[in-house]
Structure formats: C-alpha cells, structure tokens
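Architecture and fold: a report
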Amino acid sequence: MKPPRQFYQPLAIGAPTPLRELPVKLERMIHFVPPHVEKVTAKVPEMARQVDVVLGNLEDAIPSDAKVAARNGFIAMAKAVDFGATGLWTRINALNSPWVLDDITECVSAIGNKLDVIMLPKVEGVWDIHYLDQLLAQLEAAHSIKRPILIHAILETAQGVNNVEAIAQASPRMHGISLGPADLAASRGMKTTRVGGGHPDYAVLSDAAPGATRQKFQQDLWHYTTAKMVDACAAAGIKAFYGPFGDFSDQDGCESQFRNAFLLGCAGAWSLHPSQIVIAKRVFSPDPGEVTQAQKILAAMPDGSGAAMIDGKMQDDATWKQAKVVVDLARLVASKDPDMATRYGL
Ligand code: GLV
Ligand code: MG
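Source: prediction; values computed, not measured.

Reading the values: rules and limits
Residues numbered from 1 in each chain as written. Chains lettered and ligands numbered in written order. Predicted model: local features only at pLDDT ≥ 70, side-chain atom pairs only at ≥ 80, totals over all residues. Heavy atoms only, no water. Helix = DSSP H or I, 4+ residues; strand = E, 2+ residues; numbered from the N terminus. Contact = heavy atoms within 4.5 Å. Areas by Shrake-Rupley, 256 points an atom, 1.4 Å probe, with all protein chains shown as cover. Core = buried A, V, L, I, M, F, W, Y, C linked by side-chain atoms within 4.5 Å. Buried < 20%, exposed > 50% of the residue type's maximum accessible area, 1.4 Å probe, protein only. Domains from an automatic or database assignment. Buried area = accessible area lost by both parts, 1.4 Å probe. Salt bridge = Lys/Arg side-chain N within 4 Å of Asp/Glu carboxyl O. Polar contact = N/O pair within 3.5 Å; in protein donor to acceptor, adjacent residues only side chain to side chain. Pairing = 2+ DSSP bridges. Axes fitted to C-alpha atoms, helices over the stretch in contact; angles between N-to-C directions. Near = heavy atom within 4 Å. Donors = N, O, S within 2.8 Å, 3.2 Å for Na, K, Ca; no water. Phe/Tyr/Trp six-rings, centres within 6.5 Å; stacked < 30°, edge-to-face > 60°. Lys NZ or Arg CZ within 6 Å of the ring centre and 35° of its normal. Parallel < 35°, antiparallel > 145°, perpendicular 65-115°, else oblique. Left-handed = near helix turned anticlockwise from the far one by under 90°. Nonpolar A, V, L, I, M, F, W, Y, C, P; charged D, E, K, R; others polar.

1. Quick look at the overall build of the protein chain
When helices and strands are counted, the protein chain shows 15 helices and 12 strands. Along the first, second and third principal axes, the C-alpha atoms of the protein chain reach 65 × 55 × 45 Å. Here the contacts in the protein chain between residues at least 6 apart in sequence split such that 70% fall between residues at least 24 apart. For the protein chain, the exposed area adds up to about 16,600 Å²; of that, 55% sits on carbon and sulfur atoms.

In structure tokens form, the structure reads like this:
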C-alpha cells in the first residue's frame with residue numbers, strides 16, 4: 001500500500017483530487033440495461049425515475065457482434081437522458097478483452113462528467129484496480145473531468161475472493177464490490193448452473209433416531225463469500241452488494257437471497273428484470289417496524305451512551321450504533337421516497 005500522504009494524491013497532473021469519503025447515495029438496486037436494444041433504452045428516462053442506479057452493461061450478456069453498438073448506445077443514452085439524482089454506471093468488458101480500452105477511453109471522453117461509477121468485472125487483485133485507476137486519472141486530466149469516476153469491482157473469481165481485502169483498499173476510487181455468483185461458481189468449480197440463489201442439494205440433515213425421517217435444511221451457498229466481502233468492504237469504508245439473481249420466475253427465492261445480503265450488511269443488489277426493482281426496493285429499505293424500534297432506542301439514549309431497557313430488552317452503546325445504521329438508512333430512503341417517509345414517520 002502507498003504511504004498515507006500519497007494515497008489521496010491525483011495519479012495524473014490535472015486529474016480531480018480523489019475523494020476521502022464516498023458520496024452519500026441510496027443504491028438499493030443497480031438496474032442493468034442492454035444499451036444496444038432500443039426497445040429497452042427508450043424506456044430509460046422513465047426507468048431512471050424508478051431506480052437508484054442505471055447501469056449500461058457492455059460485458060457478459062452482450063453478444064460479441066453487438067459490443068460496439070452497446071457502447072455507442074450507452075454513450076447516446078447517457079448524453080440524452082437527465083438522470084437527476086439517479087446514479088449512472090457502466091459495466092465495461094474485462095481487462096483482457098479486445099473491447100475494454102475503447103470502452104474506457106470512449107466513455108470517459110464522451111460522458112466522463114456524467115458517469116458516476118465504472119463496474120470492473122473479473123477483478124483478481126490490486127493490479128487490476130491500479131491499472132484502471134491510473135488510466136482513469138490520465139483520461140480525466142485529458143478531458144477536464146471535474147470529479148473522480150469511481151470503481152466498483154465484481155468479486156467473481158477464486159483469486160479475487162482470496163484478495164478481496166486488498167482489492168477493497170486498493171484506491172480511494174473504490175466505491176464498492178458486488179458478488180458475481182455465476183462467474184465465481186465457474187471459477188471455483190462449484191457444481192451449479194444457477195445464477196445466484198440456493199441449491200436444493202446444498203443442505204444438512206438433522207440427526208434422528210434409527211428409522212425416523214431426518215429433516216433436510218437447505219443452506220445458503222453464498223453465505224461465506226457474502227460475509228467475507230461485507231467485512232472487506234466495511235473495513236475499507238466502501239459498500240458491498242449482492243449481484244445477480246438469474247431466475248426471474250422465482251421472486252420469493254430472489255427476495256430471500258436479497259434479504260440475507262441486506263441483513264448481513266449489503267447496501268443493494270443488481271436488478272436484471274423490472275420485477276426485481278420492486279423486490280430490491282422492498283428489501284433494501286428498512287422495515288418501518290424496525291425503524292420505529294430503532295428510533296425508540298436513539299430517543300432512550302440521547303448521547304449514545306449508558307444502558308436502557310425497552311420492552312424488556314437491554315440497550316447500550318452498541319445497540320445505539322445498530323439503531324443509528326437503521327435510522328440513517330431510513331432517512332436516506334425517506335429523502336428519495338415520500339411514501340416511505342410517511343411510513344417511517346420522518
Ligand atoms: C456476474 O457477473 C456473475 O458472474 O454472476
Ligand atoms: Mg460475471
């Protein structure tokens with residue numbers, strides 16, 4: 001790691017100064033758009049009012065012969081649409097692909113002042129972040145970009161998981177990390193063809209008396225990686241996200257997977273289908289009952305110290321901090337969503 005004094009210096013003369021704190025933003029869902037499909041991009045102005053982040057996808061799921069059309073479509077969409085407070089992100093192609101250099105240079109030169117975050121797939125270690133960090137600084141300087149474009153890494157290789165703590169701390173440009181369960185499953189040799197979610201065979205059996213039926217409890221395939229990613233991100237002061245849930249017909253499965261991620265500390269998840277926007281909004285906005293309880297805790301201990309009993313439950317400095325996480329998030333949701341503001345009483 002660089003010495004502290006150098007860590008926050010721009011990597012190119014004329015590039016904007018790196019941020020010390022992440023911008024405070026609600027990012028419950030990162031909504032994926034295929035920018036070469038006009039039927040979809042036509043709906044983006046309306047979509048931008050419903051979601052927290054619009055992401056133009058240039059990587060997997062975009063056919064090789066549509067890569068250039070997707071990039072051009074993303075740039076046109078970014079120029080044409082007023083995104084207001086909604087985030088504008090792109091997922092570029094992998095660093096070893098033939099498209100990535102043009103993805104980066106063309107996006108920064110054409111729309112660098114509108115682009116909030118670049119999502120970088122298949123990050124293996126700090127070297128990937130350092131490469132993009134340096135290149136972005138050079139391009140920002142060359143094109144007079146006013147604020148640093150942030151980097152969001154996808155955690156989707158076994159080596160990336162090994163290096164996740166270092167990746168999270170690699171640069172002040174790091175915004176966060178998303179779990180990429182499909183590529184990660186392949187990289188690890190996991191025997192599932194699903195995109196995220198559980199698997200009925202990943203289970204434990206209860207003990208039982210001889211001859212009695214044993215109960216089977218399905219386990220969460222992604223628990224270990226999500227928890228490891230959350231710790232790496234929280235320790236670095238950046239945000240963790242659940243990635244894709246590929247079975248659009250299984251809304252309960254999607255909600256349950258998103259909820260586990262939310263409870264473990266994730267800020268949001270990807271939405272690949274409009275039905276998943278609604279799910280992510282529901283899951284990643286705190287429950288009004290939980291917010292009321294958290295407000296009671298804060299009110300009972302105004303300076304955040306000491307101990308109090310509320311409804312028979314012990315509260316102290318630590319539960320005050322837990323309550324603050326919930327109320328701060330509720331305030332952020334309320335600032336964007338008047339219906340939720342009413343439900344929270346904020
Ligand atoms: C996402 O990119 C994944 O591989 O799951
Ligand atoms: Mg992937």
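2. Points about the nonpolar core
Core analysis: the biggest nonpolar cluster contains 68 residues, and Met77, Ile104, Ile129, Ile177 and Phe258 have the highest contact counts within it. Filtering out sequence-adjacent residues up to four positions away, Ile177 remains in contact with His152, Ala153, Leu155, Val164, Ile167, Ala168, Met229, Cys233, Ile238, Lys239, Ala240 and Phe241. By size, the runner-up hydrophobic cluster in this structure holds 14 residues, among which are Val291, Ile310, Val327 and Ala334.

3. Points about the side chain of Thr157
Along the polypeptide, Thr157 turns up in the loop between β5 (150-155) and α7 (158-162). Residue contacts for Thr157: discarding those within four places in its chain leaves Lys122, Val123, Glu124, Leu184 and Ser187.

4. Observations concerning the domain arrangement of the protein chain
Domain annotation for the protein chain reports domain 1 (4-284) and domain 2 (289-344). In this structure, domain 1 and domain 2 have C-alpha centres spaced 29 Å apart. Of the roughly 540 Å² buried where domain 1 meets domain 2, counting both sides, 65% is carbon and sulfur surface. The largest contributions to the domain 1 side of the interface with domain 2 come from Val24, Leu26 and Arg28, which together make up 61% of the buried area. One can count 1 salt bridge joining domain 1 with domain 2. Its salt-bridge partner being Lys336, residue Asp52 comes within 3.0 Å of it at the nearest N-O pair. Taken together, the links from domain 1 to domain 2 amount to 2 residue pairs in polar contact (both at pLDDT 80 or more).

5. Side note on the sheet that holds strand β9 (residues 239-242)
Taken in spatial order, the 8 strands of this closed barrel run β1-β2-β3-β4-β5-β6-β9-β10, and their pairing is parallel. Along the sheet, successive strands turn relative to each other by an average axial angle of 25 degrees, direction set aside. The strands touched by helix α10 (residues 223-236) within the sheet are β5, β6 (174-179) and β9, with β6 carrying the most contacts at an inclination of about 175 degrees.

6. What about the site of ligand 1?
Around ligand 1, the neighbouring residues are Arg91, Glu156, Gly180, Pro181, Ala182, Asp183, Pro244 and Trp270. Within the contact set of ligand 1, an oxygen atom lies 2.9 Å away from a side-chain nitrogen or oxygen of Glu156. At a separation of 2.8 Å, an oxygen atom of ligand 1 approaches a polar backbone atom of Asp183. Contact with the protein chains hides 93% of the accessible area of ligand 1, taken as 200 Å² for the molecule alone.

7. Some remarks on the environment of Thr193
Considering the arrangement of structural elements, one finds Thr193 in the loop between α9 (181-188) and β7 (203-205). Using a relative accessible area of 82% as the deciding quantity, one classes Thr193 as exposed. Spatially, the C-alpha atoms of Thr193 and Thr105 are 34 Å apart, while their sequence positions differ by 88 residues.

8. Brief notes about the coordination of the magnesium ion (ligand 2)
Around the magnesium ion (ligand 2), the protein contributes the donor atoms Glu156 (OE) and Asp183 (OD), at 2.1 Å from the metal centre. Here Asp183 lies in helix α9 and Glu156 lies in the loop between β5 and α7, a separation of 27 residues in the sequence. Overall, the relative accessible area of 25% leaves Asp183 in the partly exposed class.

9. Quick word on the packing of aromatic side chains
Applying the stated rule across the entire model yields 6 aromatic pairs. Arranged with centres 6.4 Å apart and planes meeting at 75 degrees, the rings of Trp89 and Phe241 form a pair that is edge-to-face. With Trp89 in strand β3 (residues 87-91) and Phe241 in strand β9, the pair connects residues that are 152 residues apart, well separated along the chain. Neither residue differs from the other here; Trp89 and Phe241 are each classed as buried. Through pairs of rings, three or more aromatic residues link up here, namely Tyr242, Phe258, Phe262 and Phe284. Lying over the aromatic face of Tyr8, Arg20 brings its terminal NZ or CZ to 4.2 Å of the ring centre. Cation over ring: Lys67 sits above Trp99, and NZ or CZ is 4.9 Å from the ring centre.

10. Thoughts on the packing of helix α13 (residues 288-300) against helix α14 (residues 317-336)
In a pair of packed helices, the angle between the axes and the distance between the axes together describe the arrangement. Running from amino to carboxyl end, α13 crosses α14 at an angle of 130 degrees, the nearest separation of the two axes being 8 Å. The angle between the axes of α13 and α14 places the two elements in the oblique class. α14 is crossed by α13, and the crossing has left-handed handedness. Contacts between α13 and α14 involve Glu290, Val291, Ala294, Gln295, Ile297 and Leu298 from the first element and Thr319, Trp320, Ala323, Lys324, Val326, Val327 and Ala330 from the second. Of the residues assigned to the contact of α13 with α14, the class counts are 9 nonpolar, 2 polar and 2 charged.

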